Amino acid sequence: MKRHDYSDLVGPGVAGLVPYTPGQPIETLERNLGIVDAIKLASNENPLGASPKARAALDEHLTKLHFYPDADGFELKKRLAEKHAVLRECITLGNGSNELLVFLAQVFLGPDTSAVFSQYAFAVYPIVTQMMGARAQVVPAHAHDHPMALGHDLRAMYAAIEPSTRLVFVANPNNPTGTWLHHDRLRDFVASLPPEVICVVDEAYTEYGEPDVLGDAATWVDSCPNLVVTRTFSKAYGLAGLRVGYAISNPGIADLLNRVRPTFNVNALGLAAARAALDDQAFLKQTKATNEAGLAQLTSGLDQLGVAHTPSKANFVLIHFDQPAHSLSDQLSHHGVIVRPVANYGLPNALRVSVGTPEQNTRFLNALADALS
Ligand SMILES: *Cc1c(COP(=O)(O)O)cnc(C)c1O
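The structure contained in this document is the topic of the report that follows. What you are looking at is a predicted structure, and each value in this text was computed from that prediction instead of being measured. (Residues numbered from 1 in each chain as written. Predicted model: local features only at pLDDT ≥ 70, side-chain atom pairs only at ≥ 80, totals over all residues. Heavy atoms only, no water.)

What to know about the overall build of the protein
Assigned secondary structure in the protein consists of 14 helices and 13 strands. The C-alpha atoms of the protein give a radius of gyration of 21 Å, which matches the 21 Å a tight globule of 373 residues would have. Referenced to the eigenvectors of the C-alpha coordinate spread, the extents of the protein come out at roughly 55 × 55 × 50 Å. Put simply, the protein has 373 residues, and 52% of those count as buried. Contacts spanning at least 24 positions in sequence make up 73% of the contacts within the protein whose residues lie at least 6 apart. (Helix = DSSP H or I, 4+ residues; strand = E, 2+ residues; numbered from the N terminus. Rg over C-alpha atoms; globule rule 2.2 N^0.38 Å. Buried < 20%, exposed > 50% of the residue type's maximum accessible area, 1.4 Å probe, protein only. Contact = heavy atoms within 4.5 Å.)

Let's talk about the nonpolar core
Leu76, Leu186, Phe189, Val190 and Phe233 are the most contacted members of the largest nonpolar core, which totals 50 residues. For this core, the element with the most residues is helix H11 (residues 268-277), which contributes 4 residues. Leave out the neighbours within four places in its chain, and Phe189 touches Leu154, Met157, Tyr158, Val168, Val170 and Cys199. Counting 33 residues, the second-largest nonpolar core is a separate cluster that includes Leu109, Phe117, Phe122 and Phe169. (Core = buried A, V, L, I, M, F, W, Y, C linked by side-chain atoms within 4.5 Å.)

A look at the sheet that holds strand S8 (residues 245-249)
Taken together, 7 strands build an open sheet; the order of strands is S2-S8-S7-S6-S5-S3-S4 and the sheet is mixed. Among the strands making up the open sheet, the edge pair consists of strand S2 (91-94) and strand S4 (135-139). Geometrically, the sheet is characterised by an average inter-axis angle of 20° between neighbouring strands, direction not taken into account. Along the sheet, helix H5 (residues 96-108) makes contact with S2, strand S5 (165-171), strand S6 (198-202), strand S7 (227-232) and S8, crossing S2 at roughly 115°. In this fold helix H6 (residues 124-131) packs onto strand S3 (114-118), S4, S5 and S6, with an angle of close to 160° to the strand it touches most, S5. (Pairing = 2+ DSSP bridges. Axes fitted to C-alpha atoms, helices over the stretch in contact; angles between N-to-C directions.)

A few points about the pairing of S8
A large share of S8 lies buried, amounting to 5 of its 5 residues. Neither face of S8 is exposed, since Gly245, Ala247 and Ser249 on one face and Tyr246 and Ile248 on the opposite face are all buried. The sheet contact formed by S2 and S8 spans 4 bridges and is antiparallel. Along S8, the bridge assignment pairs Ile91 with Ile248. Inspection of the sheet shows S7 paired to S8 by 5 bridges, in the antiparallel sense. Within the sheet, the bridge partner assigned to Val229 lies in S8 and is Ile248.

Comments concerning the site of the ligand
Taken together, the residues surrounding the ligand are Gly96, Ser97, Asn98, Phe122, Asn175, Asp202, Ala204, Tyr205, Thr232, Ser234, Lys235 and Arg243. Contact distances for the ligand include 2.7 Å between an oxygen atom and a side-chain N or O atom of Asn175. Between an oxygen atom of the ligand and a side-chain N or O atom of Thr232, the distance comes to 2.5 Å. When residues of the shell around the ligand are assigned to their parent elements, the largest contribution, 3 residues, is made by H5. Tallied by class, the residues present in the shell around the ligand amount to 3 nonpolar, 6 polar and 3 charged. (Near = heavy atom within 4 Å. Polar contact = N/O pair within 3.5 Å; in protein donor to acceptor, adjacent residues only side chain to side chain. Nonpolar A, V, L, I, M, F, W, Y, C, P; charged D, E, K, R; others polar.)

Section: the pairing of strand S10 (residues 316-320)
Where a strand is regular, its side chains alternate between the two sheet faces. Burial within S10 is extensive, with 4 of its 5 residues counted as buried. Turn length for the strand S9 (residues 308-310)-S10 hairpin, with the two strands adjacent in sequence and antiparallel, is 5 residues. As defined by bridge partners, S10 adjoins strand S13 (residues 350-354) across 5 bridges and the pair is classed as antiparallel. Bridging from a neighbouring strand, Leu318 pairs with Arg352 of S13.

Digging into the side chain of Thr179
Mapped onto the elements, Thr179 comes out in the loop between S5 and helix H8 (183-192). Judged by its relative accessible area of 2%, Thr179 is buried. A polar contact is formed between the side chain of Thr179 and the side chain of Thr177, at a distance of 2.6 Å.

Quick look at the packing of helix H12 (residues 281-305) against helix H14 (residues 358-372)
Contact pair H12 / H14: the axes reach a minimum separation of 10 Å and the direction vectors enclose 15°. The angle between H12 and H14 places the two elements in the roughly parallel class. Crossing hand, H12 versus H14: right-handed. The segment H12 lies against H14, with Gly294, Gln297, Leu298, Gly301, Leu302 and Leu305 engaging Pro358, Asn361, Thr362, Phe364, Leu365, Leu368 and Ala369. Looking at side-chain class alone, the contact of H12 with H14 contains 8 nonpolar, 5 polar and no charged residues. (Parallel < 35°, antiparallel > 145°, perpendicular 65-115°, else oblique. Left-handed = near helix turned anticlockwise from the far one by under 90°.)

Looking at the environment of Gly301
In this fold, Gly301 is placed in helix H12. The exposure class of Gly301 is buried, given its relative accessible area of 12%. Here the alpha-carbon distance between Gly301 and Phe364, two residues 63 residues apart in the chain, equals 9.8 Å.

Regarding the sheet that holds strand S12 (residues 340-341)
Pairing is antiparallel across the open sheet formed by 4 strands, whose spatial order is S9-S10-S13-S12. Edge strands, defined here as strands with exactly one partner in the open sheet, are S9 and S12. In the sheet, S12 pairs with S13 via 2 bridges, with the strands oriented antiparallel. The residue bridging Arg340 from the neighbouring strand is Arg352, located in S13.

A short note on the packing of helix H13 (residues 326-334) against H14
It is the contact of H13 with H14, at a shortest axis distance of 9 Å, that shows an interaxial angle of 125°. With respect to H14, the axis of H13 lies oblique. Our pair here, H13 against H14, has a crossing hand that is right-handed. Listed contacts from H14 to Leu328, Gln331 and Leu332 of H13 are Phe364, Ala367, Leu368, Ala371 and Leu372. Residues of the contact of H13 with H14, tallied by class, amount to 7 nonpolar, 1 polar and no charged.

Shown next, in the form of structure tokens:
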């Protein structure tokens, strides 16, 4: 069909959007290369799968698929409110935490506003900012000689705030760098912001780090009404395919987010599985132990290969080469190993690799050794 161009009918925000490139699905790679048994270490998914309790809850829900979901997510929100010791009114559910980032942009950003975030921060922040026609204030990350090279520079981020700034995005830990902020520093930053600047602290990977380092930003919401904390079931809880995330904020912000939220944005299976996953502490513990061992395995394997990497408190590691990484990524694909190129982040010589099972990590390291030889 002949393609018609309608881009001059839309605002500059949408016209200038460049869609997010997700990790390649295993089936796509196998189909394209005619191989089998490929592994995916490209989207920070849980290599253990999903919690058995969540899977049991799904089975149980299969007889009720003809009903619309509970639009208010009562049971899940109740359990989340208990977990975080906040009122139910503080919780907003999203179709993944990605959707909450969209809601935040829809509510707080527009053509005469700006959003502040770091260079190398999660790719969804620039996308939602651009979508709303707002200005992105991208703050240079810590330089290569800084102990937290590539990490968020909170001092510079604070200095970048202008009267037009409505949102500040902070990922702790950040994707794709794996860098993190100590909770004392982050809390001081949040508390110092002007009241009309909303700070989004994205804790998608918080379960993987030590609580005494990363802290728990949800406990600050009471004293910081302009703070929104986002969490997800996609990573440590292993439910990426079901799309469930949530925000914790002052009820005044949650009310605004709920005004733009599509009524049934989280489906019934997602609600049921997420609710059950919260009670599976054994699975979470196993996930953390697997990740800790896997990170150690990957980083020592990379050290042996003489390959540089950024220290990570998440479930992936950013690896640096002294050449453009896309051809390495292609070679790894031919070994049936899917990793994530990050040239779109301005890191053309780096690859992001998710922590897998011990066998998957070994397969990646062997494939990389082969590709580098
Ligand atoms: C993966 C990720 C998310 C959210 O993913 P959802 O699946 O939409 O919940 C949010 N923030 C960061 C930094 C991530 O890496």
